[in-house]
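Structural characterization, general
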Amino acid sequence: MTRSEFLTRISSALGRQPGQVAEAPPPPLPCPPEEDRSVLMTRFVTEHERVGGKVYIVPDWAAAKTVVERLMSEAGTSCYARTREEFLDQVLEGLALPEAATAAEAEVGVSGAAFGLAETGTVVLSSNFGRLATLLPMTHVILLPASRLVAGLHQVLETGALPSAWMLATGPSRSADIEGALVTGVHGPGRVFVVLIENF
Amino acid sequence: MKPTTERFLAHTEQALRNAELRGAVQRATALLAERRREAVASKPDFEDLREWCAAVKAHTLDYLDRYLAQLIDVFEGRGGKVHFAADHREALSIVTELCQSYGVRRVVKAKSMLSEEIGLNEALQGIGLEVIETDLGEYILQLANEVPSHIIAPVVHKTKEQIARLFHDKLGTPGDATPEVLAARARAILREAFLTAELGISGVNFAVADTGSLVLVENEGNIRLTTSAPRFHVALMGLERVIPRLSDLPAFLAVLTRSATGQKITSYVSVINGPRQPADTDGPEALHLVIVDNGRSAVLADPKLRDALRCIRCGACLNSCPVYQQIGGHAYGWVYPGPIGAVLDPGLLGLKSTKLLPQASSLCGACGEVCPVKIPLPELLIEHRRRSVEQGLAATSERLAIGAFSFLAQHPALWSGSTALGRGLSQLLNRQGYLSGAWLPVLRAWLKERDFPAPAKRSFTQLWRGGLRDEK
């Protein structure tokens, strides 16, 4: 069926001509208010850890690097995957471990996040920097400057420029398909760590 | 999927005799309903959100042609390609032709009820493709050669012991493997599939008209993988999945995830705005959207049933339904079970073959109370019943019985005569205050599961006239 046949069928189901002027949709709901960074941080940590993630709050990039190194050695990984944000360089440079040739080989994926949503403890990942490094490895480490915390999804959607995909991730991959039993790490990462950099 | 809705009664009897199925469905629906209740209770403005989402969906349906046109323009402007399917045959030929033109051999699929509706897996296998379901529940069903029985929890009808045995037989895991072991095995097998499949097929939870975005909601990550790893992505959507603005999304997500699983948000929400951009390092090269009618425009044209197209597929009405809790989803005989199925299936398939589904309700109203977009499900169930009678689809025995009742109720003398007669006869069956008589046709069915207290020897009217009126 062509586009115009398809749309004409719908117009006639609705009993009118195509292109007829529409009423405006109901007005959008008010956007939840912005909050102080400290409020956002507390809420983000609570919500993210409630669903099984873990947040480390560090003062600066050097401290972030220490945490990332420790997480990698705990994961017993031989190589890591990363997304392409430039700010990751200062954390990943000089690591003893090599970067994996493909994300599929890595046990740890390190990425930035475009936003952190305090309301739900969510990190917003942008396809601009790569998708698979945040998805294939069993452990996902997210470096999130505290300045990127916002109250909720509303604030993200208002920013305008859209990447080919936003991926909202909140804690580990999970399934309850087998009799409601919670299993983590079904397809995506089973272990999720957010390193929240307080002064950036 | 070929409907078997006409065999609803046989399916129901079968389900009621299956203790494992009933136990599994009752445990799962109780758990999901409880999680929903808690999530709603902890969101003080939930009722306002529900009201607003219902209004936005109703508005979108009223101007669906306009919003679809906008969606298509923006989506194609961002590099995607839209296809239009009048019915399941057209949808299947669009998808099979896409697969053939890309030279695809292996397809990974994320859960999509629409793909079940149109029978996509059989069609793709029919042209020699390997099709792999990647949602854990759907993967289990594919191994078992079964179809989903719940909109969001497809394998709700199976116990973990049954699934462990299935994996043991098909994949060689221990017969008493835990859900963790089973999931890890599935992860390993499906991981290889994601990395080797050339094309991924998904559904769509919300299609956003003003930004051309496709929104997909999940917990496992298989949808992200399906839409990120293969070279090509084909998304299937029913024509009613549209919301007007990206700014509408937070409210719809909030009601969907709370109603479905009681979560504030699911582990993953993908907002797909287009195929891979030149600077991107991964993601599909080509993005296709197949918009499917398959009976929906007829439902849209029906001013009463149109409301059913607001459905955002959360499954809350299934979990709340005392009938679904007893019989599970397969008994309904088609893709969409439970109260929404009993309303939608007659709209999509016609009432003739589905007339029994709207009868599968006690009209308790629970489904209407939980629906996040306030579809008046109980009213629509009654509407289907009314139409069944109008179209002469009701059973002869029912027509005769209701006709007789109506005649008696309009003739007071006959009414009191026949009720007196009934009362007299019932005393013949009175055994210590309860009716016996399991040899009588209608009474037999009743007495199988319940007692029937014998009617009093004298009616209230008789007592009233005999002096009750004068007692204080």
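Residues numbered from 1 in each chain as written. Chains lettered and ligands numbered in written order. Predicted model: local features only at pLDDT ≥ 70, side-chain atom pairs only at ≥ 80, totals over all residues.

**Some thoughts on the overall build of chain B**
Put simply, the rule is: Note on conventions: DSSP H or I runs of at least 4 residues are helices, E runs of at least 2 residues are strands, and numbering of each starts at the N terminus. Exposure classes come from backbone-placed C-beta atoms, where a residue is buried if 20 or more other C-beta atoms lie within 10 Å of its own, exposed if 12 or fewer do, and partly exposed in between. What counts as a contact here is a pair of residues whose C-beta atoms, placed from the backbone, lie within 7 Å.
For chain B, the helix and strand inventory stands at 22 helices and twelve strands. Taken along its principal axes, the extent of the C-alpha atoms in chain B is 95 × 55 × 45 Å. Taking all 472 residues of chain B together, 50% fall into the buried category. Long-range pairs, those at least 24 residues apart, make up 75% of the contacts in chain B with a sequence separation of at least 6.

**Comments concerning the overall build of chain A**
Put simply, the rule reads: Radius of gyration here is computed from C-alpha atoms only, and the compact-globule reference equals 2.2 Å multiplied by the residue count raised to the power 0.38.
Check the secondary structure of chain A and you find five helices and eleven strands. For 200 residues, the compact-globule formula gives about 16 Å, and the C-alpha radius of gyration of chain A, at 21 Å, lies well above that figure. Across its three principal directions, the C-alpha atoms of chain A cover 65 × 40 × 40 Å. The buried share among the 200 residues of chain A stands at 51%. Partitioning the contacts of chain A with sequence separation of at least 6, the portion at a separation of at least 24 is 72%.

**What about the confidence of the model for chain B?**
Short version of the rule: For every residue, the pLDDT score states the predictor's confidence, bounded by 0 at the bottom and 100 at the top.
For chain B, the mean per-residue pLDDT works out to 95, and 100% of the residues sit at or above 70. Overall fold confidence (pTM) sits at 0.94, and the ipTM for the predicted complex is 0.97.

**Structural notes on unusual backbone geometry**
Positive phi values are uncommon outside glycine, yet A:Glu179 reaches one of about 50 degrees. By C-beta crowding, A:Glu179 is classed as partly exposed, having 19 other C-beta atoms within 10 Å. A positive phi angle, close to 45 degrees, is found at B:Asn294, a residue other than glycine. Structurally, B:Asn294 can be placed in the loop between strand E10 (286-292) and helix H13 (296-301).

**Quick look at the pairing of strand E5 (residues 122-126) of chain A**
All names here are of chain A. Spelled out, the test is: Between any two strands, pairing holds if DSSP finds at least two bridges.
Of all five residues making up E5, five are buried, and the element is well covered by its neighbours. Residues Thr 122, Val 124 and Ser 126 line one face of E5 and the alternating positions Val 123 and Leu 125 line the opposite face, and both faces are buried. Pairing of strand E4 (residues 115-117) with E5, which is carried by three bridges, proceeds in the antiparallel orientation. Among the inter-strand pairings, Phe 115 is bridged to a residue of E5, identified as Val 124. Two successive antiparallel strands, E4 and E5, enclose a turn made up of four residues, where Gly 121 displays a positive phi of approximately 70 degrees. In this structure, E5 lies alongside strand E8 (residues 165-169), joined through four bridges in antiparallel fashion. Each residue of the ladder has a partner; that of Val 123, found in E8, is Ala 169.

**Focus on the packing of helix H1 (residues 3-13) of chain A against helix H4 (residues 64-77) of chain B**
In helix packing, the relevant descriptors are the interaxial angle and the interaxial distance, both defined with respect to the helix axes. Definition in use: Lines fitted to C-alpha atoms define the axes here, with helix axes fitted over just the stretch in contact, and angles between the N-to-C directions of these axes take values from 0 to 180 degrees. For this classification, under 35 degrees means roughly parallel, over 145 means roughly antiparallel, 65 to 115 means roughly perpendicular, and everything else is oblique. Following the grouping adopted for this structure description, the nonpolar residues are Ala, Val, Leu, Ile, Met, Phe, Trp, Tyr, Cys and Pro, the charged ones are Asp, Glu, Lys and Arg, and the polar ones are all others, Gly among them.
Viewed as axis vectors pointing N to C, H1(A) and H4(B) meet at an angle of 155 degrees, and their least axial separation amounts to 8 Å. On the basis of their axis angle, the class for H1(A) and H4(B) is roughly antiparallel. The segment H1(A) lies against H4(B), with A:Arg3, A:Leu7, A:Ile10 and A:Ser11 engaging B:Leu64, B:Asp65, B:Leu68, B:Ala69 and B:Ile72. In terms of residue class, the contact of H1(A) with H4(B) is built from six nonpolar, one polar and two charged.

**Some remarks on the sheet that holds E10(B)**
Residue and element names in this part refer to chain B. In spatial order, the strands read E1-E10-E7-E4-E2-E3; together these six strands make up an open sheet with parallel pairing. Looking at which strands have only one partner, the edges of the open sheet turn out to be strand E1 (81-85) and strand E3 (130-133). Strand-to-strand twist in this sheet, taken as the mean axis angle between neighbours without regard to direction, amounts to 20 degrees. Pairing analysis gives four bridges linking strand E2 (residues 106-109) to E3, with the strands arranged parallel. Bridged to Val 107 within E3 is Val 131. Lying on the sheet, helix H5 (residues 88-101) is in contact with E1, E2, strand E4 (199-202), strand E7 (232-238) and E10; it crosses E10 at an angle near 165 degrees.

**So, the sheet that holds strand E5 (residues 206-208) of chain B**
The mixed open sheet is built from eight strands, whose spatial order is E7(A)-E4(A)-E5(A)-E8(A)-E9(B)-E6(B)-E5(B)-E8(B). Among the strands making up the open sheet, the edge pair consists of strand E7 (149-150) of chain A together with strand E8 (242-243) of chain B. Bridge count for E4(A) against E7(A) is two bridges, and the pairing is parallel. Note that in E7(A) the partner of A:Leu117 across the bridge is A:Val150.

**Brief notes about the interface of chain A and chain B**
Each partner contributes to the interface: chain A provides 53 residues, whereas chain B provides 75 residues. If you list the elements that add at least two residues to the side of chain A that touches chain B, you get H1, helix H5 (153-157), E8 and strand E9 (174-175) of chain A. Considered class by class, the residues forming the side of chain A that touches chain B number 29 nonpolar, 17 polar and seven charged. Across five bridges, E8(A) lies against strand E9 (residues 268-272) of chain B in antiparallel orientation. The residue bridging A:Trp166 from the neighbouring strand is B:Val271, located in E9(B).

**Looking at the domain arrangement of chain B**
Convention followed: Domain limits in this description derive from either an automatic procedure or a database domain assignment.
Domains assigned within chain B are domain 1 (40-297) and domain 2 (412-470). Just the C-alpha atoms count here: the centres of domain 1 of chain B and domain 2 of chain B sit 56 Å apart.

**What to know about the pairing of E8(A)**
Buried residues dominate E8(A), accounting for five of its five residues. Alternating positions in E8(A) separate into two faces, A:Ala165, A:Met167 and A:Ala169 on one and A:Trp166 and A:Leu168 on the other, with burial throughout.

**Some details on the environment of B:Asp73**
Relative to the assigned elements, B:Asp73 resides in helix H4. Expressed as a C-alpha distance, the spacing of B:Asp73 and B:Thr211, which sit 138 residues apart in the sequence, is 9.5 Å.

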